[in-house]
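Letter by letter, the chains look like this.
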Amino acid sequence: MTAGPAILAVDLGTSGVKVALITLQGQVLGWESQPIGLLITPDGGAEQSPEEWWQAFLSSSRRLLARGLVPAGEVKAICCSTQGEGTVPVDRDGNALMNCILWMDMRGAACLRRQAKGAVNVMGVDALKLLRWIRLTGGMPSITGKDPAGHMLLVRDHFPDVYACTHKFLNVLDYINLRLTGRFGATPDSILTSWVTDNRDPGAIRYHARLVRDSGIEAAKFPEIVPCTAIFGGLRAEVAEALGLPRDLPVVAGSIDTTAAAIGAGAVADFQPHLYIGTSSWIAAHVPFKKTDPISALASVPCAVPDRYLLIALQATAGGNLTFLRDQIFFPHDELQREEATPDLYQTLDRMAERVPAGSNGVLYTPWIWGERAPVDERTLRAGFYNLSLHNTRADLVRAVLEGVALNTRWLLGPVERFMGRKVESIHLAGGGGNSDVWCQILADVLDVPVRQVQDPILANARGAAFIAAAGLGEITFDDVPGLVPIKRTAMPDPQNRAVYDQAFEAFQQIYRRMSPVYKRLNRRDQV
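Residues numbered from 1 in each chain as written. Predicted model: local features only at pLDDT ≥ 70, side-chain atom pairs only at ≥ 80, totals over all residues. Heavy atoms only, no water.

> I'd like a rundown of the overall build of the protein, residues and numbers included.
Tallying secondary structure elements over the protein gives 15 helices and 25 strands in all. Over its C-alpha trace the protein gives a radius of gyration of 22 Å, about what one expects of a compact globule, namely 24 Å for 528 residues. For the protein, the C-alpha atoms occupy an extent of roughly 65 × 65 × 50 Å along the three principal directions. When each of the 528 residues of the protein is scored for burial, the buried share is 61%. Considering only residue pairs separated by 6 or more positions, the protein has 71% of its internal contacts joining residues 24 or more positions apart. With the model as given, the accessible surface of the protein reaches about 20,500 Å², and the carbon-plus-sulfur share is 51%. (Helix = DSSP H or I, 4+ residues; strand = E, 2+ residues; numbered from the N terminus. Rg over C-alpha atoms; globule rule 2.2 N^0.38 Å. Buried < 20%, exposed > 50% of the residue type's maximum accessible area, 1.4 Å probe, protein only. Contact = heavy atoms within 4.5 Å. Areas by Shrake-Rupley, 256 points an atom, 1.4 Å probe, with all protein chains shown as cover.)

Okay, here's the thing in structure tokens:
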């Protein structure tokens, strides 16, 4: 007896790739993963190897399919969810011409400022361009240079030989779809942060000639745009043979991670937010309108659900702070560390945090270890522990990191509620952070709303990709999705902790106001 038809769903994140076999009704049959390396360059860049992505996908897919969870003929489609805002220049044969420039890479900031400046500037860009971007796209290029608008200009200005050979600039999703099918293309959400599309009609996202001219990139270097639920193409023969899957297996276009996570977390209904905690974090919710809040860096943008936009509020680093704590403070590879390998200790960190009272015995942590994006867009902000004393322990630091991410999320929640015009009544929690019961409870207490942990939270993106594929194949509708996502647990706010966290949040905001100018002075080179 078999489990029935399934989707080979792919989640390519910053830290690694996951592949899962998921039924058309969202049941996870099994999954495999493989880590991916991150290259931080001496000039402040952040890159990954596209070929490493591809080999990680192939090897993890082979391992999963070899388990015999479903017959090869029962795999009905492949669909991907990937990290967004990465840029891969490729030639006419689809070969990557350099490493992918990641969403963390700020090297294009100066190039972007030169391209976007005008006679009268607002928020660092020409006032007329700003108005046009917001009116047509719903947003604007990040002045930090972290999105493809800055990446492409970096290639144009600093890697002219690569630019000359570039046939298309592809996002991460687009590149994987190219390797699967041989087709150059983008989805409405993957092309979004190139800031060259007219997004006023969510059912007809298209390039806008003036925006393309403003970008400084030749129009021919942008790929065609297809809906997220479109059959992008058939699986290439050599890939099908390598995986043991049928030739011309449908590859559904898929989406970037924020879009897929909203669907995989079951947050499809209008105004129902989800919080995703991975390396970075975001709050997102589907809304029936296009809107922009440039002050808080919020916008509702194209997504996979028909006739809807997705409000996305991105924060730069969340779980990445725990990774830093583990790798650089607790278990660094230096003269003081004797162990050869870094242990897998996230469950241990949870136990340590659980025994510390709310408020971390007075320790506050600001999680801006790679700057911040919302509710302020400041690349010079930095992380820090505050109010340490001789009485504090390592466990206090662990809980302070969890609370710091929660306080940062609360800082963002106010602008999100104003954007939607209503109070948030509950939040679905997904991503790796959703595995932590103690973090879930901290979030409920700090945000003062029920937090619903979805089942298999680290597979929310893959589950979302599977639902996008199922919708593209006509097997389900997006209205079916909330009933297909099980909730593991709901954490309710503990009123006994409210006063502690209100006081901590007040201090958190005060730290930002006082330290923001200090960080700008200390990190002047990051403003160049």
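Still more ground to cover, so stick around.
> Now, about the pairing of strand β15 (residues 250-256): what can you tell me, with residues and values included?
The element β15 is extensively covered by neighbouring structure, given that six of its seven residues are classed as buried. Two strands pair when backbone bridges link them, and strand β6 (residues 75-82) and β15 are joined in this way by four bridges, in the parallel orientation. Within β15, the position partnered with I78 by the bridge is V251. For strand β14 (residues 231-234) and β15, the ladder comprises three bridges, and the chain directions are antiparallel. (Pairing = 2+ DSSP bridges.)

> Account for the side chain of T259, with residues named and values stated.
If you trace the backbone, T259 turns up in helix α9 (residues 257-264). With near-sequence residues (within four places) excluded, T259 lies in contact with D189, C303, A304 and L310.

> Any chance you could break down the pattern of salt bridges for me, citing the residues and the numbers?
Considering all chains together, one arrives at 25 salt bridges under this definition. The closest approach of N and O atoms between R107 and D105, which form a salt bridge, is 2.7 Å. As far as the burial class goes, R107 and D105 line up, both buried. A salt bridge links R498 to D448; the nearest nitrogen and oxygen atoms lie 3.9 Å apart. Linking R498 in helix α15 (residues 498-522) with D448 in the loop between α13 (437-447) and β24 (451-454), this pair joins segments that are 50 residues apart in sequence. Overall, R498 belongs to the partly exposed group, its relative accessible area being 25%. (Salt bridge = Lys/Arg side-chain N within 4 Å of Asp/Glu carboxyl O.)

> Account for the environment of I458, with residues named and values stated.
Structurally, I458 is set in the loop between β24 and α14 (460-472). Distance in space between the C-alpha atoms of I458 and N435 is 7.5 Å, their sequence separation being 23 residues. Aside from chain neighbours lying at most four places away, what touches I458 is D11, K18, W31, G431, G432 and N435.

> So what about the packing of helix α1 (residues 50-65) against helix α6 (residues 172-181)? Which residues, and what values?
Two elements in contact, α1 and α6, have axes whose closest approach is 11 Å; the angle formed by their N-to-C orientations is 60 degrees. One finds that α1 runs oblique with respect to α6. Crossing of α1 against α6: the hand is right-handed. Here P50, E51, W53, W54 and F57 of α1 come into contact with α6, specifically with V172, Y175, I176, R179 and L180. (Axes fitted to C-alpha atoms, helices over the stretch in contact; angles between N-to-C directions. Parallel < 35°, antiparallel > 145°, perpendicular 65-115°, else oblique. Left-handed = near helix turned anticlockwise from the far one by under 90°.)

> Explain the pairing of β6 residue by residue, including any values.
One face of the sheet, then the other: side chains in a regular strand alternate in exactly this way. Among the eight residues of β6, seven are classified as buried, and the element is accordingly described as predominantly covered. Where strand β1 (residues 6-12) and β6 come together, seven bridges link them in parallel fashion. Looking across to β6, one finds that A9 is bridged to C79.

> I'd like a description of the sheet that holds strand β8 (residues 100-101), backed by residues and values.
Taken in spatial order, the three strands line up as β4-β5-β8 in an open sheet, and their pairing is antiparallel. Strands at the two margins of the open sheet, each flanked by one partner only, are β4 (39-40) and β8. Direction of pairing for β4 relative to strand β5 (residues 46-48): antiparallel, over a ladder of two bridges. Residue pairing in the sheet places L39 in a bridge with E47 of β5.

> Requested: an account of the sheet that holds β15, with residues and values cited.
Strand order in the open sheet formed by six strands is β3-β2-β1-β6-β15-β14, with mixed pairing between adjacent strands. The open sheet terminates on both sides in strands that have one partner only, identified here as β3 (28-35) and β14. On average, each strand axis in the sheet is inclined to that of its neighbour by 20 degrees, with strand direction left out of account. Note: β1 against strand β2 (residues 16-23), seven bridges, orientation antiparallel. Paired with V10 across the strands is V19, a residue of β2. Here α6 sits on the sheet and contacts β1, β6, β14 and β15; the angle it forms with β15, its principal contact strand, is near 170 degrees. This element, α9, spans β6 and β15 of the sheet and lies at about 100 degrees to β15.

That is the geometry; function is a separate question.
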